[in-house]
Amino acid sequence: MLYNVKGILTVSDVNFIVVESGGVGFKCYTTLNTIKSIGTVGSEVNVYTHLAVREDAMDLYGFSTLNELDAFKLLITVSGIGPKAAVAILSELTPDKLALCIASGDAKSITKAQGVGKKTAERVVLELKDKMGNIAIGEGASVVSAASTVLESSNSAEAVEALVALGYSQSDAAVIVGSMDKSMPVDDMIRLALKQLARNL
């Protein structure tokens, strides 16, 4: 129904913004990532919207990018994920990072979102495994592609497993290992990955 709202940002709160357009203030629930990037109160903004209709309420959700809106729409198709949980996940992870977590099977990183437990995070990974590549853009798309092919090589999968056992997230490990030559011995992969991960800290 509402594709986007363009106007003046009049309120920026912890979990919502208000955009005034044509004399009407539109309250849009949103993510921390949108709040950080949208601009300051008084500036002209454009948000892409989704209207969630329930028996007792009609809530408007707004996002600074179409990419984030698309990720939100995909998340609410997962059983057990409502708009609030989707916003919590996208406040913790950018769409590209979420796509990477799903591609690499990293449900643990998704549980960092407020109110999202292990089973729910695993359901997100399972139900969106074949869909999230559509929302990763630019560099994110190639990273997601590399991470999803890591598990096809037994050496790569073994190296990722070892790095996860050492406390690194599966998505970070998959990205690093995914950029390596698949024929490299597992020990060399682990050693190189540890150097790279230490530099990224």
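Here, every reference points to the structure presented above.
Residues numbered from 1 in each chain as written. Predicted model: local features only at pLDDT ≥ 70, side-chain atom pairs only at ≥ 80, totals over all residues. Heavy atoms only, no water.

A. Focus on the packing of aromatic side chains. Following the criterion strictly, the structure yields five aromatic pairs and no others. Relative to Tyr48, the ring of Tyr3 has its centre 5.8 Å away and its plane inclined at 80°; by these criteria the two rings are edge-to-face. Of the two residues, Tyr3 sits in the segment before strand E1 (4-12) while Tyr48 sits in strand E4 (residues 44-53), which places them 45 residues apart along the sequence. For Tyr3, a relative accessible area of 52% puts it in the exposed group. Chaining the aromatic ring pairs together yields one cluster made of Phe16, Tyr29, Tyr61, Phe63 and Phe72. Note that Lys27 overlies the ring of Phe16, its terminal NZ or CZ placed 4.5 Å from the centroid. (Phe/Tyr/Trp six-rings, centres within 6.5 Å; stacked < 30°, edge-to-face > 60°. Helix = DSSP H or I, 4+ residues; strand = E, 2+ residues; numbered from the N terminus. Buried < 20%, exposed > 50% of the residue type's maximum accessible area, 1.4 Å probe, protein only. Lys NZ or Arg CZ within 6 Å of the ring centre and 35° of its normal.)

B. Looking closely at the packing of helix H4 (residues 95-103) against helix H9 (residues 170-178). Orientation of H4 relative to H9, taken along the N-to-C sense of each, is 85°, at an axis distance of 9 Å. Between H4 and H9, the angle falls in the class roughly perpendicular. Taking contact as the criterion, the partners of Lys97, Leu100 and Cys101 in H4 are, on H9, Ser171, Asp172 and Val175. Within the contact of H4 with H9, the residues separate by chemical class into three nonpolar, one polar and two charged. (Axes fitted to C-alpha atoms, helices over the stretch in contact; angles between N-to-C directions. Parallel < 35°, antiparallel > 145°, perpendicular 65-115°, else oblique. Contact = heavy atoms within 4.5 Å. Nonpolar A, V, L, I, M, F, W, Y, C, P; charged D, E, K, R; others polar.)

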